[in-house]
Amino acid sequence: MKKKVLALILAALMLLSLCACGGGSGDNAGTTSPPSDTGTGDTNTPAEPTATGWTPSEPVNIIVAYKAGSGTDNTARVLSAYADKYIGQTIVIDNQEGGSGSIGWTALSQAKPDGYTLGFVNLPTLCSNIVEGLGDYTMEDFVPICNHVTETSVILVAANSPFDTLEDLVTYAKDHPGELKASTNGNKASNHIAVQLLSTTAGFEYTAIPYGGTADQLLALRQGEVDFSSAKLADFSAFTSEVKVLGVFDTKRLAEYPDVPTLGEAGYYDQWYGSARAIVAPKDTPQEIIDFYADAFKQTMEDSAYLDAAVKASVTTEYMDPAATAALLDAQYTFCTDTVSSIWAE
């Protein structure tokens, strides 16, 4: 009898052990519980792990090297509102403006490469800052994850400006050398490059007034502190009625402004020029982390809800994988060392 009872006890213990090994505690190595999906989109759920198994377990900071309300900040917030669904954690936008982006990019270059601090870099400004020695970082301090947007530059004046066409602006500038003032997002930063490309190819002089970023630069334009400027569509999407677009840096007219000529049509700079906004991580970030974010952001940029929001915010989405983004960074650096340096040649 005792032997029969003991056998029953051992059998029960073995059954309990088997249940524990196959149970849903989620603590066993090699097992992963799929994220729950409420269908509301209002809560973050754990992202599916990559082949390497890395996923973030706490909120992710993304450094934006410009102030809140800037074009970069606007595009970053549109993306982050939908990316948390695929990342599985809340994205926190960390605005660190100043120094034409150098303050934020210096902080990004010095961040811990653990996957919890990423950043947006603006091209070609990141590269021109390095060429000009404005930042305490190099191109090698950043690991490309993906490109987010590619935007065409345009020439702008305030809505109440006496200049209604690009030709009006150029003719006046030629007749009054150095009188017209142009606001820029920093010395030799992206929008300053655009204005210089116009002035060099059109053959006029002007006075550049640098500001801390695009938001301040365009505020100065709207307040009448300067006569003209250059920016991208997302930069002024919130106040399009307060500005006039006079010219486009492209080989074709923009769909949003079909009546505005390209600079090439007017006989000036005839190539595309604009800015790209890419997402990078600090150097030495493990490849598994780069792969995770590249996939998560790709899924975000293919999400129909994100794409609808991006169109409304004038965000021109152009996803590029890590390899293509690396090539873009290299090409922009070459552009700054060659073309950009020539337009300021003495």
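Structure: see above.
Residues numbered from 1 in each chain as written. Predicted model: local features only at pLDDT ≥ 70, side-chain atom pairs only at ≥ 80, totals over all residues. Heavy atoms only, no water.

Trainee: I tried to follow the overall build of the protein on my own but got confused; where do I start?
Mentor: A tally of regular secondary structure across the protein gives ten helices and ten strands. Here the protein holds 346 residues, and 48% of them are scored as buried. Excluding contacts between residues fewer than 6 apart, the proportion of contacts in the protein whose partners are at least 24 apart in sequence is 77%. In the form shown here, the protein has an accessible surface area of approximately 16,100 Å², with 53% of it arising from carbon and sulfur atoms. (Helix = DSSP H or I, 4+ residues; strand = E, 2+ residues; numbered from the N terminus. Buried < 20%, exposed > 50% of the residue type's maximum accessible area, 1.4 Å probe, protein only. Contact = heavy atoms within 4.5 Å. Areas by Shrake-Rupley, 256 points an atom, 1.4 Å probe, with all protein chains shown as cover.)

Trainee: What's the story with the packing of aromatic side chains in this structure? I'm lost.
Mentor: Centre-to-centre distance and the angle between the planes together describe a pair of aromatic rings. Tallied over the entire structure, the rule returns 16 aromatic pairs. Look at Tyr 206 and Phe 228: their rings are 6.0 Å apart centre to centre, the planes differ by 65°, and that puts the pair in the edge-to-face class. Residue Tyr 206 is located in the loop between α6 (190-202) and β6 (207-210), and its partner Phe 228 is located in strand β7 (residues 228-232); the two are separated by 22 residues in the primary sequence. Classification of Tyr 206 by relative accessible area gives buried; the value is 14%. One aromatic cluster is present, built from ring pairs that chain together Trp 54, Tyr 116, Phe 292, Tyr 293 and Phe 297. Here the guanidinium or amino end of Arg 222 rests over the ring plane of Phe 239, the centre of that ring lying 3.7 Å away. (Phe/Tyr/Trp six-rings, centres within 6.5 Å; stacked < 30°, edge-to-face > 60°. Lys NZ or Arg CZ within 6 Å of the ring centre and 35° of its normal.)

Trainee: Please explain helix α10 (residues 322-343) as it appears in this structure.
Mentor: Note: α-helices contain 3.6 residues per turn, so residues at a spacing of three or four share the same orientation. Between the first and last C-alpha of α10 there are 31 Å, a value that for 22 residues agrees with the 32 Å anticipated at 1.5 Å per step. Where α10 bends most, at Cys 336, the angle is about 35°. Considered for burial, the residues of α10 that qualify are Thr 325, Leu 328, Leu 329, Gln 332, Phe 335, Cys 336, Val 340 and Ile 343. Packed against the buried residues of α10 are β3 (117-123), α4 (125-131), β4 (142-158), α6, β9 (274-282) and β10 (317-320). (Expected span 1.5 Å × (residues − 1). Bend = angle between axes of the 7 residues up to and from the residue.)

Trainee: Would you take a moment to explain the pairing of β6 for this structure?
Mentor: Regular strands have side chains that alternate between both faces of the sheet. Strand direction decides the pairing type here: strand β5 (residues 181-184) and β6, joined by four bridges, are parallel. Bridge pairing in β6 links Ser 183 to Ile 209. (Pairing = 2+ DSSP bridges.)

Trainee: What is the right way to look at the environment of Ala 220 in this model?
Mentor: Within the secondary structure, Ala 220 is located in helix α7 (residues 214-222). Residue classification places Ala 220 among the buried residues on the basis of a relative accessible area of 2%. Taking the C-alpha atoms as reference, Ala 220 lies 9.6 Å from Ala 158; in sequence the two are 62 residues apart. For Ala 220, the residues in contact, after removing those within four places along its chain, are Ser 183, Tyr 211, Glu 225 and Val 226.

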